[in-house]
Amino acid sequence: AKAAGRNTYVLYGPELGKTAHARVDLRRALRYAVRNGELRVHYQPQVELADGRIVAAEALVRWERPGHGLVPPNSFIPLAEESDLIVQIDSEVLRHVAADLQCWSENGFPLPKISVNVSARQLYRGRLLDDFRQVLDHYPAARGRLEVELTERLLVDAVPQNRRVLDALVDLGVTFAIDDFGTGYSSFGYFRDFLIHTLKIDRSFIQQLAEEAADARITLAIIGLAKTFDIEVVAEGVELPAQQAFLCQHGCARAQGWLFGKPMPTDEFIAHWKQARAV
Ligand code: C2E
Ligand code: CA
Ligand code: CA
Ligand code: CA
């Protein structure tokens, strides 16, 4: 537990969570933030590599903390994951995304698919299904438009009870992506046991695609795996045209990364999207 504590400590980043005291303060501030609407959702486009069209986006949470600016998730999600705070945050993000989808729909935009990140705790506490039911009831335009990003670890740990939750979500029209694929407890079992819609190739393999033969081979293997199982594949963290070219040439149809757009607030995302459609 000590070692895990040390590892998580690193994740808090330099300015936050330095001491136990600071963490208590941060937790209190975060609890207040969730209640008082300080959380923001940014969208990062996912594009079709062949034509640059935006086909989907990932919702990424930010905390607009008074006096601190826009706080990135790595500075507070690990802390939130130690308690039920993460459940509240993920619920809030889901509601936000569904409301945006509803609003875009009412304004006549063709809707992209939006993926949301969920934590193991949210799934295991059984709240995830209730959240989706409520949100889809309230914002019907979000039906068939939501994808849940899960980590491999979360799937490996899935007990039958959690499996039922995932199955029920599938029945609601929710699809699943495996996030950071290749970095976790990769197991072929979940291709048999779960309905996986998308594999997201972790950024760490994409970063040195041109320089590291092993990274290129791993990327090719993941693309092949996705083809075999007829699963959508998305490369994460694409920053360079050379990476784009490699992926395009080797049959990876979709990508997400700074080359195509950073995570951005709703208005900016809409503008970006309209522009991408115009070209
Ligand atoms: P993730 O799910 O793997 O999200 C991708 C991260 O990579 C995002 O960082 C994104 O901004 C960043 N990224 C995207 N393209 C590039 C690129 O080309 N280059 C580089 N260097 N980075 C890129 P972000 O937004 O800081 O989020 C960090 C992590 O926080 C996420 O990793 C996810 O695990 C977690 N997270 C974010 N939002 C939520 C949320 O609403 N709920 C939960 N439970 N976790 C979240
Ligand atoms: Ca993700
Ligand atoms: Ca990822
Ligand atoms: Ca991640």
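A brief report on the enclosed structure follows.

Calculation criteria
- Residues numbered from 1 in each chain as written.
- Chains lettered and ligands numbered in written order.
- Predicted model: local features only at pLDDT ≥ 70, side-chain atom pairs only at ≥ 80, totals over all residues.
- Heavy atoms only, no water.
- Near = heavy atom within 4 Å.
- Polar contact = N/O pair within 3.5 Å; in protein donor to acceptor, adjacent residues only side chain to side chain.
- Areas by Shrake-Rupley, 256 points an atom, 1.4 Å probe, with all protein chains shown as cover.
- 1 Å grid on protein atoms, 1.4 Å probe; cavity = no way out; pocket = protein on both sides within 12 Å on 5 of 7 lines; lining within 4 Å.
- Sits in = over half its atoms within 2 Å of the grid points.
- Helix = DSSP H or I, 4+ residues; strand = E, 2+ residues; numbered from the N terminus.
- Nonpolar A, V, L, I, M, F, W, Y, C, P; charged D, E, K, R; others polar.
- Axes fitted to C-alpha atoms, helices over the stretch in contact; angles between N-to-C directions.
- Parallel < 35°, antiparallel > 145°, perpendicular 65-115°, else oblique.
- Left-handed = near helix turned anticlockwise from the far one by under 90°.
- Contact = heavy atoms within 4.5 Å.
- Donors = N, O, S within 2.8 Å, 3.2 Å for Na, K, Ca; no water.
- Buried < 20%, exposed > 50% of the residue type's maximum accessible area, 1.4 Å probe, protein only.
- Expected span 1.5 Å × (residues − 1).
- Arc of directions from axis to C-beta.
- Points joined across faces, edges and corners; volume = space filled by probe spheres on them.
- Disulfide = S-S within 2.5 Å.

1. Side note on the site of ligand 1
Phase 1 of the analysis: Close to ligand 1 lie 22 residues; Q44, R62, D90, E239 and W258 are nearest.
Phase 2 of the analysis: At 3.0 Å from an oxygen atom of ligand 1 is found a side-chain nitrogen or oxygen belonging to D179.
Phase 3 of the analysis: At 3.2 Å from an oxygen atom of ligand 1 is found a side-chain nitrogen or oxygen belonging to D180.
Phase 4 of the analysis: With the chains in place, 84% of the 800 Å² that ligand 1 exposes on its own is no longer accessible.
Phase 5 of the analysis: Taking a 2 Å distance to the grid points as the criterion, the majority of the atoms of ligand 1 fall inside the largest pocket.
Phase 6 of the analysis: Listed by contribution, the elements that provide at least two residues to the shell around ligand 1 are β2 (54–65), α4 (85–106) and β6 (175–181).
Phase 7 of the analysis: With four residues, the top contributor of residues to the shell around ligand 1 is β2.
Phase 8 of the analysis: Residue composition of the shell around ligand 1, grouped by class: nine nonpolar, five polar and eight charged.

2. Quick notes on the packing of helix α6 (residues 127–138) against helix α8 (residues 160–171)
Phase 1 of the analysis: Direction vectors running N to C along α6 and α8 enclose 15°, while the axes themselves pass 9 Å from each other. For the element pair α6 / α8, the angle class is roughly parallel. Where α6 crosses over α8, the handedness of that crossing is left-handed. Seen from α6, the contacting residues are L128, L129 and F132; seen from α8, they are V165, A168 and L169.
Phase 2 of the analysis: Among the residues forming the contact of α6 with α8, the class breakdown is six nonpolar, no polar and no charged.

3. A word on the coordination of the calcium ion (ligand 2)
Phase 1 of the analysis: Here the calcium ion (ligand 2) is held by the protein donor atoms E58 (OE), N117 (OD1), E149 (OE) and D179 (OD), which lie 2.1 to 2.3 Å from it.
Phase 2 of the analysis: Mapped onto the polypeptide sequence, the residues donating to the calcium ion (ligand 2) form the spacing pattern E-x58-N-x31-E-x29-D.
Phase 3 of the analysis: A distance of 3.9 Å spans the gap from the calcium ion (ligand 2) to the calcium ion (ligand 3), which D179 bridges by coordinating each metal. Linking E58 in strand β2 with N117 in strand β4 (residues 113–117), this pair joins segments that are 59 residues apart in sequence.
Phase 4 of the analysis: For E58, a relative accessible area of 4% puts it in the buried group.
Phase 5 of the analysis: Accessibility expressed as a relative area gives 26% for N117, which makes it partly exposed.

4. Structural notes on α6
Phase 1 of the analysis: Over its 12 residues, α6 extends 16 Å from the first C-alpha to the last, a length consistent with the 16 Å expected when each residue adds 1.5 Å.
Phase 2 of the analysis: Within the sequence span of α6, burial applies to L128, L129, D131, F132, V135 and L136. The arc that holds the buried residues of α6, viewed along the axis, is 160°, so those residues lie on one side. Facing away from the buried side of α6 by more than 90 degrees, the exposed set consists of D137 and H138.
Phase 3 of the analysis: Of the surrounding elements, those touching the buried residues of α6 are α4, β4, α5 (120–124), β5 (146–151) and α8.

5. Re empty space enclosed by the protein
Phase 1 of the analysis: This structure, assessed with the given rule, holds two cavities of 30 Å³ or more.
Phase 2 of the analysis: Each pocket or cavity is described by its volume, and for the largest cavity that value is around 40 Å³.
Phase 3 of the analysis: Of all the elements in the fold, those that place two or more residues in the lining of the largest cavity are α4, β4 and α6.
Phase 4 of the analysis: There is about 30 Å³ of room inside the second largest cavity.

6. So, the state of the cysteines
Cysteine pairs can be linked by a disulfide, which is a covalent bond between their two sulfur atoms.
Phase 1 of the analysis: Counted by the stated rule, this structure contains zero disulfides.
Phase 2 of the analysis: Cysteine C248 is unpaired, with the sulfur of C252 as its nearest cysteine sulfur at 8.7 Å.
Phase 3 of the analysis: Given a relative accessible area of 40%, C248 falls into the partly exposed group.

The values are spatial; any link to function lies outside them.
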